[in-house]
Amino acid sequence: MAVKGVMFDFSGTVFRIEPVERWLRAVLTGAGLPASGEDAAVYSRRLERAGAQPGGALPERVPPELADSWRDRDLSEERHRAAYTGLSRTVALPWDVHDALYDRHRTPAAWEPYPDAGEVLRGLRERGVPVAVVSNIGWDLRPVFRTHGLERYVDRFVLSFEHGVKKPDPRIFRIACDALGVAPADAVMVGDHAAADGGAAALGSRLLLVEPRPVELRPDALRGVLDLLG
């Protein structure tokens, strides 16, 4: 199979969201709210169990009143915010920072690229292989790539909320391949979720899975893409 185009997932693949406690502390510091180290740790664990951080752990339980928003969270900005701020509000925080937490996760500062992301994306550009980012998401992630200096290596962003379709629906991968001008059989999908990202296989695309580990524990998993090029 000749690789003529590459599709990348966003969260857990090219970038990783900051740890939950750092996420909470950044919001509290920005709002000038005091918090002991113990309080920050305790409430961070509760927020993590609730699944309140987009890009972080999945919720242990989705309350019935949030079921619809959660199911469709990646199809619109409104549903995405409602789902995650709703999960955050299931945690009785001593500070009213639920909306601020959601806003924080949308900032470039809340995301860190994996160590080899720049090298791999730059290598694909040098080899003339076009790249699309295909993400289930409810907000525009382009500023994250731009701020970290990686947007210049991405030819197309195909975001679920902008197209009204999400992975694993093959249609979103078809949109990406068409945008890159490559046949699905000549494309590779790189992601961290077998079920969601595996939807590309229905079109004949090759799948390369990586683990969504902390950045310091996954230094070079993306380099496998370059190995496929020979």
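Reference entry: report on the structure contained in this document.

### Observations regarding the packing of helix α1 (residues 20–30) against helix α2 (residues 37–50)
Now for step 1: Relative to each other, α1 and α2 sit at 120°, their axes nearing to 9 Å. Classified by the angle between their axes, α1 and α2 sit oblique to one another. You can see that α1 and α2 cross each other, and the crossing is right-handed. In this structure, α1 contributes Val20, Glu21, Trp23, Leu24 and Arg25 to the contact, and α2 contributes Gly37, Ala40, Ala41, Tyr43, Ser44, Leu47 and Glu48.

### Some thoughts on the packing of aromatic side chains
Now for step 1: All chains considered together, the criterion is met by nine aromatic pairs.
Now for step 2: Arranged with centres 4.6 Å apart and planes meeting at 45°, the rings of Phe10 and Trp111 form a pair that is tilted. Taken together, the positions of Phe10 in the loop between β1 (5–8) and β2 (15–17) and Trp111 in strand β3 (residues 111–113) put the pair 101 residues apart, joining distant regions of the chain.
Now for step 3: Residue class for Phe10 comes out buried when judged on its relative accessible area of 1%.
Now for step 4: Judged by relative accessible area, which is 3%, Trp111 ranks as buried.
Now for step 5: Centroid distance Tyr43 to Trp95: 5.4 Å. Interplanar angle 75°. Geometry classified as edge-to-face. Of this pair, Tyr43 sits in helix α2 while Trp95 sits in the loop between α4 (77–88) and α5 (98–105), and the two are 52 residues apart along the sequence.
Now for step 6: Overall, the relative accessible area of 9% leaves Trp95 in the buried class.
Now for step 7: Through a chain of ring-to-ring contacts, three or more aromatic side chains come together here, namely Phe10, Phe15, Trp111, Trp139, Phe145 and Phe157.
Now for step 8: When the ring centre of Tyr114 is taken as origin, the NZ or CZ atom of Arg218, which lies over that ring, is 3.4 Å away.

About the thresholds
Residues numbered from 1 in each chain as written. Predicted model: local features only at pLDDT ≥ 70, side-chain atom pairs only at ≥ 80, totals over all residues. Heavy atoms only, no water. Axes fitted to C-alpha atoms, helices over the stretch in contact; angles between N-to-C directions. Helix = DSSP H or I, 4+ residues; strand = E, 2+ residues; numbered from the N terminus. Parallel < 35°, antiparallel > 145°, perpendicular 65-115°, else oblique. Left-handed = near helix turned anticlockwise from the far one by under 90°. Contact = heavy atoms within 4.5 Å. Phe/Tyr/Trp six-rings, centres within 6.5 Å; stacked < 30°, edge-to-face > 60°. Buried < 20%, exposed > 50% of the residue type's maximum accessible area, 1.4 Å probe, protein only. Lys NZ or Arg CZ within 6 Å of the ring centre and 35° of its normal.

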